[in-house]
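One-letter residues, chain by chain:
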Amino acid sequence: MITNLEDILSDSAKSMKRSVIRELLKLTQKPEIISFAGGLPAPNTFPIEELKQISNEVLEEDGDAALQYGATEGDTKLREILTERYQKQGLSISSDNLVILTSSQQGLDLAGKIFLNRGDHFICGLPSYLGGLGAFSSYGATPVGIKFDEFGMRSDLLEKTLAKMLEEGELPKFIYVIPDFQNPAGITMPEFRRLEIITIAKKYNILIIEDSPYRELRFEGKDQKMMFELDNSGHVIALGTFSKIFVPGFRIGWVIAHEAIIDKFVKAKQSTDLCTSPFVQKIAAKYLEKGLFDKNLKTIIEMYHRKRDVMLNAFEEFMPKGVTWTKPEGGLFLFLNLPENMDAQDLFEIAIQKNVAFVLGSAFHCDGSGKNTMRINFSYVDEERSRIGVQRLAESIKMLMNNKVNA
């Protein structure tokens, strides 16, 4: 083994950190642990039998192309189908505005690669998706967090922060938001707040990265227009994925943006992986073309809706006074708040002993705050184990509260 490894690492490699969530999942593999930690879809939503048949059809009908290198921009049919779906939602785009990625996580990484230099800043929420923070920070950029209210990122604080940064000559490269069923908070940003943030971004001539992996998983409430549609001026880059609404193992995502920005993503992707797997793209395209995707999506939404309700009801029944939580209209997550004087790290050690796990909320706060918070996933665990897990978590919180009183 080379002896001077640390000395020869790049600045980017030195700033990389292991994902807190990925590492945590290693600790929760024991079957007796009920884990609310991962952002995992329920495996019984995976259309295995249909995919077996479609895989064979793709190989029989278009095997040579499916197993060959493909265009960096992605499979033509899949791009057309996705473009049509977004057009029906109100987006004024063509296939030239959409490129297939190897997961939307690649889109976050490519955005960092394209826009961020060491020492640059970017705006994110308090809290914000850990994968986004990690991707951008690996390029040496510094996050600037904006606190949330019940409607998501506070536009008044965003305005004040940008005004101050402008005075200091260090405007951020972009604003990173997850407006639909935000990870980790579960909050959906209403249209008026989306418009406020877009207006501010235009005022300071800053891009917005709209990360939208959960948008189609709405259980209740009113659909909100995408920020890309509300902007319609090239200030918004939108990211989408099949990971939460189809199968994560395909690792298919996409980016939607102005053609000038799309060109940069294509160039950046060419030096990263050349192309996303043509085989899985063709399977996905045929699955969508047959109408199977929307049928399965309906089943997924109904299932996650029930699971969310079971968890919320269990919270109401078991949680002690002083604990609060968000009530998401869709997605996979909710955020739980302990009393201000409690630390979720202390709770985690108790909870693991009771065989229940969660993700520390502080991991999603770029400024180290949120120590009394935690992210809870409701999509993966079945309804019976979810209720048991909430009961164990509530008992752990009560134990921590008693320890505080007796300390």
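Everything quoted here is computed from the prediction, not taken from an experiment.

### Brief notes about the overall build of the protein
Helix and strand counts for the protein come out as 15 helices and 14 strands. Its C-alpha atoms give the protein a radius of gyration of 22 Å, within 12% of the compact-globule value 22 Å for 407 residues. Over its C-alpha atoms, taken along the principal directions, the protein stretches across nearly 65 × 60 × 55 Å. A distance of 3 Å separates the average location of the 49 positive side-chain charges in the protein from that of its 55 negative side-chain charges.

### A closer look at the packing of aromatic side chains
Per the counting criterion, the structure on display carries 15 aromatic pairs. Ring plane angle 65° and centroid distance 4.8 Å describe the contact between phenylalanine 136 and phenylalanine 174, whose orientation is recorded as edge-to-face. Of this pair, phenylalanine 136 sits in helix α7 (residues 130–137) while phenylalanine 174 sits in strand β6 (residues 174–177); the two residues are 38 residues apart in sequence, bridging distant segments of the chain. Grouping residues by exposure puts phenylalanine 136 and phenylalanine 174 together as buried. Aromatic pair phenylalanine 246 and phenylalanine 250: ring centres 5.6 Å apart, planes at 80°, arrangement edge-to-face. Phenylalanine 250 gets classed as buried once you look at its relative accessible area, which sits at 17%. Taken together, the ring pairs in this structure connect Phe242, Phe246, Phe250, Trp254, Tyr287 and Phe293 into an aromatic cluster.

### Overview of the sheet that holds strand β10 (residues 324–325)
With antiparallel pairing, the 4 strands of this open sheet are ordered in space as β10-β11-β14-β13. In the strand order of this sheet, the two ends are held by β10 and β13 (359–360), each with one partner. Of the pairings in the sheet, the one linking β10 to strand β11 (residues 333–337) comprises 2 bridges and is antiparallel in character. When the sheet's bridge partners are listed, threonine 324 is paired in β11 with asparagine 337.

### Considerations on the packing of helix α6 (residues 104–115) against helix α11 (residues 259–270)
Where α6 contacts α11, the axes come no closer than 10 Å and their chain directions differ by 100°. Considering their axes alone, α6 and α11 lie roughly perpendicular with respect to each other. Counted together, Gln106, Gly107, Leu110, Ala111, Lys113, Ile114 and Phe115 of α6 and Ile261, Lys264, Phe265, Ala268 and Lys269 of α11 form the full contact between these two elements. Class assignment of the residues belonging to the contact of α6 with α11 gives a composition of 7 nonpolar, 2 polar and 3 charged.

### Focus: the packing of helix α5 (residues 76–89) against helix α12 (residues 278–289)
Between α5 and α12, whose axes approach to 8 Å, the crossing angle comes to 45°. The angle between the axes of α5 and α12 places the two elements in the oblique class. α5 and α12 meet at a crossing whose hand is left-handed. The residues of α12 that touch α5, namely those facing Lys77, Leu78, Ile81 and Arg85, are Gln281, Ala284, Ala285, Leu288 and Glu289.

Calculation notes
- Along each chain, the written sequence defines residue order, and numbers are assigned to residues from 1.
- This being a predicted model, a pLDDT of at least 70 is required before a residue's local features are given, and a value of 80 or more before pairs of side-chain atoms are given or counted; all residues contribute to the totals for chains, interfaces and linings.
- Side-chain measures here rest on the full set of heavy atoms in the structure, leaving out hydrogens and waters.
- The helix and strand labels rest on DSSP assignments: H or I over at least four residues marks a helix, E over at least two residues marks a strand, and numbering proceeds from the N terminus.
- In this treatment the radius of gyration is a C-alpha quantity, and the globule benchmark scales as 2.2 Å times the residue count to the 0.38 power.
- Neither His nor the chain termini are counted; the positive set is Lys and Arg, and the negative set is Asp and Glu.
- Charge placement uses NZ in Lys and CZ in Arg. For Asp and Glu, CG and CD serve respectively.
- Centre distance within 6.5 Å is the pairing criterion for rings of Phe, Tyr and Trp, where only the six-membered ring of Trp is used; planes under 30 degrees apart are then read as stacked, over 60 as edge-to-face, and the remainder as tilted.
- The cut-offs for exposure are 20% and 50% of the maximum accessible area for each residue type, with area from a 1.4 Å probe on protein chains only; residues under the lower value are buried, those over the upper are exposed, and the others partly exposed.
- Strands pair, by our definition, only if DSSP identifies at least two bridges between them.
- Axis definition: a line fitted to C-alpha atoms, over the contacting stretch in the case of helices. Angles run 0 to 180 degrees between N-to-C directions.
- Roughly parallel refers to an angle under 35 degrees, roughly antiparallel to one over 145, roughly perpendicular to one between 65 and 115, and oblique to any angle outside these ranges.
- Residue contacts are defined here by distance: any two heavy atoms, one from each residue, within 4.5 Å place the two residues in contact.
- Under the convention adopted here, Pro, Cys and the residues Ala, Val, Leu, Ile, Met, Phe, Trp and Tyr are nonpolar, Asp, Glu, Lys and Arg are charged, and Gly plus all remaining residues are polar.
- Take the far helix as the reference: if the near one is turned anticlockwise from it by less than a right angle, the crossing is left-handed, and if turned clockwise, right-handed.

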